[in-house]
Amino acid sequence: MVPVRLDVVVKVKEREEERRLEALGKTMRAAQLAHHELQAAEALTRRERGPARSAADFSNDDLARVRLLEQVELAKKRLHEATAAADKSRTEWTKAHHSAEAVRRVADTRRAEVVESNERAERKAFDELALLQFARVG
């Protein structure tokens, strides 16, 4: 592979892309965890309570249900925030990926130009050598 000046820029862009991809993975895991927490909180609210034995039991069950519903709302809020962060991270990774891809394409084009130029110079040198050898023989 023929080195070109853009190779340094390509490496920088690829590192940025990798960093953004790692951030995307972290935010996706956080969103998945928030989703599981929401499911667990909702499952607790659906759990059947036994028959209340007294008014105090009924009151305690009612307070517990209110707290569980508050936990569900909090879990929904966390899920919404985690999903928004994952979407933002995905957008940033996409931008970094497109930027890196564009620089890679430019570097590949430049590399092809350098190879073509080197081949052209080599052909010219061989043509001159052949001409000189023909002139000696003749």
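Conventions we followed
- For every chain, the first residue of the written sequence is number 1, and numbering continues from 1 along that sequence.
- This being a predicted model, a pLDDT of at least 70 is required before a residue's local features are given, and a value of 80 or more before pairs of side-chain atoms are given or counted; all residues contribute to the totals for chains, interfaces and linings.
- No hydrogens and no water enter the side-chain calculation; it runs on all heavy atoms of the structure.
- Helix and strand definitions follow DSSP, with helices as H or I runs of at least four residues and strands as E runs of at least two, each counted in order from the N terminus.
- Multiply 1.5 Å by the residue count of a helix minus one, and that product is the helix's expected span.
- Using a 1.4 Å probe on the protein chains alone, a residue whose accessible area is under 20% of its type maximum counts as buried, one over 50% counts as exposed, and one in between counts as partly exposed.
- Contacts: residue pairs with any heavy atoms within 4.5 Å of one another.
- Here, nonpolar core means buried Ala, Val, Leu, Ile, Met, Phe, Trp, Tyr and Cys residues that are tied together by side-chain atoms lying within 4.5 Å of each other.
- Residues adjacent in sequence count toward polar contacts only when both atoms are side-chain atoms; beyond that, a polar contact is any pair of N or O atoms within 3.5 Å, and within protein one must be able to donate a hydrogen and the other to accept it.
- Each salt bridge in this description consists of a side-chain nitrogen of Lys or Arg and a carboxyl oxygen of Asp or Glu lying within 4 Å of one another.

Novice: Would you mind going over helix α1 (residues 6-46) with me for this structure?
Specialist: Residues spaced three or four apart along an α-helix point in a common direction, a consequence of the helix completing one turn every 3.6 residues. With 41 residues, α1 extends 60 Å from end C-alpha to end C-alpha; this agrees with the ideal 60 Å at 1.5 Å per step. Those residues of α1 not exposed but buried are D7, V10, E17, L24, T27, A31, A34, L38, A41 and T45. The elements touched by buried residues of α1 are α2 (55-137).

Novice: Looking at this structure, how should I read the nonpolar core?
Specialist: Looking at soluble globular proteins, one finds that nonpolar side chains tend to be buried together. A31, A34, L38, A41, V72, A75, L79 and A82 form the largest nonpolar core, which has 8 residues in total. With residues near it in sequence (within four places) discarded, A31 still touches L79, A82 and T83. If you look at the next biggest cluster of nonpolar residues, it comprises 5 residues, including V10, V103, A107 and V114.

Novice: How do you make sense of the environment of D7 when you look at a structure like this?
Specialist: Mapped onto the secondary structure, D7 falls in helix α1. Relative accessible area serves as the criterion here: at 18%, D7 is assigned to the buried category. Through-space distance from the C-alpha of D7 to that of T109 is 12 Å; in sequence the pair is 102 residues apart. Ignoring any residue separated from it by four or fewer positions in sequence, one finds D7 in contact with V2 and R111. From its side chain, D7 meets the backbone nitrogen of V4 in a polar contact 3.1 Å long.

Novice: Which parts of the structure should I look at to understand the pattern of salt bridges?
Specialist: Pairing of side chains with opposite charge becomes possible as their charged atoms draw close. In total, this model carries 14 salt bridges according to the counting rule given. E14 is the partner of R104 in a salt bridge, and the nearest nitrogen-oxygen pair spans 3.0 Å. Of this pair, R104 sits in helix α2 while E14 sits in helix α1, placing them 90 residues apart in sequence. Look at E14 and you get partly exposed, because its relative accessible area is 28%. For R110, the salt bridge goes to E113, with nearest N and O atoms at 3.5 Å.

Novice: Teacher, can you tell me more about the environment of R49 here?
Specialist: In this structure, R49 sits in the loop between α1 and α2. When the C-alpha atoms of R49 and D62 are compared, they prove to be 10.0 Å apart, with 13 residues separating the residues in sequence.

Novice: How do you make sense of the side chain of E17 when you look at a structure like this?
Specialist: You can see E17 is positioned in helix α1. On the accessibility criterion, E17 (12% relative accessible area) is buried. Within the structure, the side chain of E17 is placed 2.5 Å from the side chain of H97, a separation counted as a polar contact. Excluding residues that lie within four positions of it along the chain, E17 makes contacts with W93, A96, H97, A100 and R104.

Novice: Explain the side chain of S89 to me, please; I cannot follow it from the model alone.
Specialist: Checked against the element boundaries, S89 lands in helix α2. Residue classification places S89 among the buried positions, given a relative accessible area of 6%. If we skip the residues at most four places from it in the chain, S89 touches R20, A23, L24 and T27.

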